[in-house]
Amino acid sequence: MSGPLNRGWARVRGLLPVRADLEAMRRQPRRDLLAGLTVAVVALPLALGFGVSSGLGAEAGLATAVVAGALAALFGGSNLQVSGPTGAMTVVLVPIVARYGTGGVLTVGLMAGVLLIGLALLRAGRYMRYVPAPVVEGFTLGIACVIGLQQVPAALGVPDPDGEKVLVVAFRAAREFVAHPNWAALAVSAGVAAVMLAGARWRPSVPFSLLAVAGATIVAEAAHVGLARIGHLPAGLPAPSLGFLEVSAVSSLLAPAVAVAALAALESLLSATVADGMTVGQRHDPDRELFGQGIANLAVPLFGGVPATAAIARTAVNVRTGAGSRLAALTHAAVLAVIVFLAAPLVARIPLAALAGVLLATAIRMVEVGSLRAMARATRADGLVLVLTAVATLVLDLVYAVIIGLVVAGALALRAVARHARVDQVPLHQDLPGEHSAEEHALLAEHIVAYRIDGPLFFAAAHRFLLELTDVADVSVVILRLSRITHIDATGALVLKDAIDKLSRRGITVLASGIGPGRQQPLDSLGVLDALRDAGGLFATTPEAIDAARAHLHHTGLLHRKAAG
């Protein structure tokens, strides 16, 4: 029993912080502190906006940014990652809030944290790299559209209409605005978005989001415009929340929890990969990153926060401003905590329309037009997967969108692989043992046909193989050259067995050559080679199989009779 326990403890210990993390924080503390301060300035309006959009309020977004930002920095697998509330997570949370309320979101966060820790212990982080790029680009585009549509009511200054689908809610909000226009709210949201977008092109390093929000707040206060505000914020982090659902209701939240955990894993590992690509010498540990996000999501609900994940935008700012260790992300969390404690009354006066403008600009900046165009032009299949995933994200939800994207991408990939697998009839003369005349070549070719199977023999291509192999003219011997089979599954093995049986029933002798050691297992387990082995029809090389075929023809007298005729 000590063996499994030791291995389990070794796996857990490999996910915990190490001394090298602390040593890295001592190398360039001034640069890390400055990077953390910059990221906090950028993250503040985003945390407020995503908290409001989730339905739990601005204080939930701030609590998430502080608690998750600190814990994920300590326990995560990347030195540069910055975590907190994100737009993608908000998209998943909105229907949960609508159906289960605040308690449902907090319970889902706890469950997602447990699932993420389980994935880390199972070392599942490495498998996230197999998600196709068109799926990632497609759901990023879909998320951007959903985030933008979610901001329509606040941007237009109208009450949130009833409804769960963002398209319906946005349409009803626009109809309400036409009936009762609020030009001040529209001007504030459009102005904030315009300043952010223009500023990002002019000076990307300047936090125009905070400047725009501050300016909009000052103008709204000076003009005494009656815009909806964030409202009361606690002077400090919210007290630990016990507003979880009862145990009997937890089972109904399993699917949303799986969705939240999957999104947190995918977005965090994608963000860490982006951070690695922006630096030299930095490499994240995917399993430890899942563990860090799991710890963060276990703690965040206790402070009334929403499920968290790594944020690509904030991580990118962190890297660009010179961060080199976890100290930068810890500083970002500490600065936000100070703001929560000292500036809550000021933050509470920010107009919701200003935050809507921040999130509208964020949604627009999420869409990389050049990347989307390149992906759509790469292949027709990639373009199809991208569009389907984006539309499914907008019309259904993110979980179904990713599943649809993965299924369609997998089906198209199998179709492409199956098309490259083929059965070719090959001439005998290149492998014919000894010296032979043209007449002997012709006689042998009249009675012996050789087929070479190239590529994978699996379920997607098996039916075509069966049709081609059994559609053989009247010959005496068929040689199957199997050395170039790259993979064979149970379906392919059964199809091969069926083809051999059909040829044998027609009186055709079947020989096989070149079966590699790695291909014998499925063939032996399904009894494909039993009849061939009993009849001595298995050979290591094609020349040996041809020699045996010629001996068989001599034994039956076919070659003698033909030559005599």
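This is a predicted model, so every value here is computed, not measured. Along each chain, residue indices are assigned from 1 in the same order as the chain's sequence is written. Two thresholds apply to this predicted model, a pLDDT of at least 70 for residue-level local features and 80 or more for giving and counting side-chain atom pairs, whereas whole-chain, interface and lining totals are computed over all residues. To get the side-chain values, take all heavy atoms of the structure and skip hydrogens and water.

Visitor: Is there a simple way to think about the overall build of the chain in this case?
Guide: Each helix is a run of DSSP H or I of at least 4 residues and each strand a run of E of at least 2, with the numbering of both proceeding from the N terminus. Assigned secondary structure in the chain consists of 27 helices and 8 strands. Radius of gyration: over C-alpha atoms. The globule rule applied is 2.2 Å multiplied by the number of residues raised to the 0.38 power. Relative to the globule expectation of 24 Å for 565 residues, the C-alpha radius of gyration of the chain, 32 Å, shows a markedly less compact shape. Taking the principal axes of its C-alpha atoms as reference, the chain extends roughly 115 × 65 × 50 Å. The contacts in the chain between residues at least 6 apart in sequence include a share of 84% that link residues at least 24 apart. Using a 1.4 Å probe, accessible areas were evaluated by the Shrake-Rupley method; residue-level cover was limited to the displayed protein chains. Summing over all exposed atoms, the chain offers an accessible surface of approximately 26500 Å²; the carbon and sulfur share of this is 63%. Taken together, the 44 basic and 37 acidic charged side chains of the chain have centroids lying 8 Å from each other. In what follows, a contact means two residues having at least one pair of non-hydrogen atoms within 4.5 Å. We treat Lys and Arg as the positive residues and Asp and Glu as the negative residues; His and chain ends play no part in the count. Charged groups are reduced to one reference atom each: NZ for lysine, CZ for arginine, CG for aspartic acid, CD for glutamic acid.

Visitor: What should I look at first to understand a nonpolar patch on the surface in this one?
Guide: Together, Leu 167, Val 387, Val 391, Val 395, Leu 396, Val 399, Tyr 400, Ile 403 and Val 407 make up an exposed nonpolar region whose accessible area comes to about 780 Å². Mapped onto the nonpolar patch, the elements with two or more residues apiece are helix 19 (380-395) and helix 20 (398-420). Per element, the largest residue contribution to the nonpolar patch is 4 residues, and it comes from helix 20. Along the polypeptide, Val 395 turns up in helix 19. Here, patches come from residues exposed beyond 30% relative accessible area and free of salt bridges, joined within 9 Å for like charges and within 5 Å for nonpolar side chains (Val, Leu, Ile, Met, Phe, Trp, Tyr). One side-chain nitrogen of Lys or Arg within 4 Å of one carboxyl oxygen of Asp or Glu is enough to make a salt bridge.

Visitor: Explanation requested: helix 6 (residues 133-150) in the structure shown.
Guide: One turn of the α-helix equals 3.6 residues, which is why residues spaced by three or four share an orientation. In a helix, the anticipated span is given by 1.5 Å times the number of residues less one. Its 18 residues place the ends of helix 6 26 Å apart at the C-alpha level, agreeing with the 26 Å of an ideal helix rising 1.5 Å per residue. Within helix 6, the full set of buried residues consists of Pro 134, Val 135, Val 136, Gly 138, Phe 139, Gly 142, Ile 143, Ala 144, Val 146, Ile 147, Gly 148 and Gln 150. The classification of residues rests on relative accessible area computed with a 1.4 Å probe and restricted to protein chains. Under 20% of the type maximum is buried, over 50% is exposed, and intermediate values are partly exposed.

Visitor: What am I meant to see in the packing of helix 6 against helix 8 (residues 166-179) here?
Guide: Under this scheme, a helix contributes an axis fitted over its contacting stretch, all axes are lines through C-alpha atoms, and angles between N-to-C directions fall in the 0 to 180 degree range. Viewed as axis vectors pointing N to C, helix 6 and helix 8 meet at an angle of 35 degrees, and their least axial separation amounts to 9 Å. Pair helix 6 / helix 8 crosses with left-handed handedness. Note on element contacts: helix 8 touches helix 6 through Val 166, Leu 167 and Ala 170, opposite Val 146, Leu 149 and Gln 150. Asp, Glu, Lys and Arg are counted as charged, while Ala, Val, Leu, Ile, Met, Phe, Trp, Tyr, Cys and Pro are counted as nonpolar; the rest, among them Gly, fall into the polar class. Split into classes, the residues belonging to the contact of helix 6 with helix 8 amount to 5 nonpolar, 1 polar and no charged. For any helix crossing, the convention is left-handed if the near helix is rotated counterclockwise from the far helix by under a right angle, and right-handed if that rotation is clockwise.

Visitor: Explain unusual backbone geometry to me, please; I cannot follow it from the model alone.
Guide: With the exception of glycine, most residues fall at negative phi, and the peptide bonds are largely trans. The phi dihedral of Arg 123 is positive, around 60 degrees, even though this residue is not glycine. Position of Arg 123 relative to the elements: it lies in the loop between helix 5 (87-121) and helix 6. What makes Arg 123 partly exposed here is its relative accessible area of 38%.

Visitor: Looking at this structure, how should I read the pattern of salt bridges?
Guide: Oppositely charged side chains are able to pair whenever their charged atoms sit close together. Per the counting criterion, the structure on display carries 8 salt bridges. Between Arg 349 and Glu 221 there is a salt bridge, with the nearest N and O atoms lying 2.8 Å from each other. Of this pair, Arg 349 sits in the loop between helix 16 (344-347) and helix 17 (352-366) while Glu 221 sits in helix 10 (residues 208-222), and the two are 128 residues apart along the sequence. Glu 221 sits in the partly exposed class, given a relative accessible area of 23%. A salt bridge links Asp 547 to Arg 550; the nearest nitrogen and oxygen atoms lie 2.7 Å apart. Highlighted residues: Asp 547 and Arg 550, both in helix 26 (residues 542-556), separated by 3 residues, approximately one helical turn.

Visitor: For this particular structure, what's the right way to read the packing of aromatic side chains?
Guide: The relation between two aromatic rings is expressed through the spacing of the ring centres and the mutual angle of the planes. Centres within 6.5 Å make a pair out of two Phe, Tyr or Trp rings, where for Trp the six-membered ring is used; the pair is then stacked when the planes are under 30 degrees apart, edge-to-face when over 60, and tilted otherwise. Enumeration over the complete set of coordinates arrives at 3 aromatic pairs. Their ring planes at 50 degrees and their centres at 6.1 Å tell us that Trp 202 and Phe 208 sit as a pair that is tilted. Judged by relative accessible area, which is 15%, Phe 208 ranks as buried. Above the plane of the ring of Trp 202 lies Arg 203, whose end atom (NZ or CZ) is 4.9 Å from the centre. Throughout this description, the term charge over a ring refers to an Arg CZ or Lys NZ atom that lies within 6 Å of the ring centre and within 35 degrees of the ring normal.

Visitor: What should I look at first to understand the packing of helix 12 (residues 254-277) against helix 13 (residues 286-299) in this one?
Guide: To describe two helices that pack against each other, one gives the angle between their axes and the distance between the axes. The interhelical angle for the contact between helix 12 and helix 13, taken along N-to-C directions, is 130 degrees, at an axis separation of 10 Å. The pairing of helix 12 with helix 13 is recorded here as oblique in orientation. Our pair here, helix 12 against helix 13, has a crossing hand that is right-handed. Along its contact with helix 12, which presents Ala 265, Ser 268 and Leu 269, the element helix 13 presents Pro 286, Glu 289, Leu 290 and Gln 293. Note on angle classes: values under 35 degrees are labelled roughly parallel, values over 145 roughly antiparallel, values of 65 to 115 roughly perpendicular, and the remainder oblique.

Visitor: Quick question: what am I supposed to make of the environment of Gln 81 here?
Guide: Within the element layout of this structure, Gln 81 appears in the loop between helix 4 (58-75) and strand 1 (83-84). Distance from Gln 81 to Val 317, taken between C-alpha atoms, is 10 Å for residues 236 residues apart in sequence. Non-local contacts of Gln 81, meaning those with residues more than four positions away in its chain, are made with Ser 268, Ser 271, Ala 272, Glu 289, Ala 310, Thr 315 and Ala 329. A distance of 3.0 Å separates a polar atom in the side chain of Gln 81 from the backbone oxygen of Ser 268. Polar contact is the term for a pair of N or O atoms within 3.5 Å; when the atoms are in protein, one must be able to donate a hydrogen and the other to accept it, and sequence-neighboring residues count only if both atoms are side-chain atoms. At 2.6 Å, the side chain of Gln 81 and the side chain of Ser 271 are in polar contact.

Visitor: I keep staring at the pairing of strand 4 (residues 448-457) and nothing clicks. Help me out?
Guide: A regular strand places its side chains on the two faces of the sheet in alternate fashion. A large share of strand 4 lies buried, amounting to 10 of its 10 residues. With 5 bridges joining them, strand 3 (residues 422-426) and strand 4 adopt antiparallel strand pairing. When the sheet's bridge partners are listed, Arg 422 is paired in strand 4 with Asp 454. Two elements, strand 4 and strand 5 (residues 477-481), share 5 bridges in a ladder whose sense is parallel. Within strand 5, the position partnered with Tyr 451 by the bridge is Leu 480. Two strands qualify as a pair provided that DSSP identifies no fewer than 2 bridges between them.

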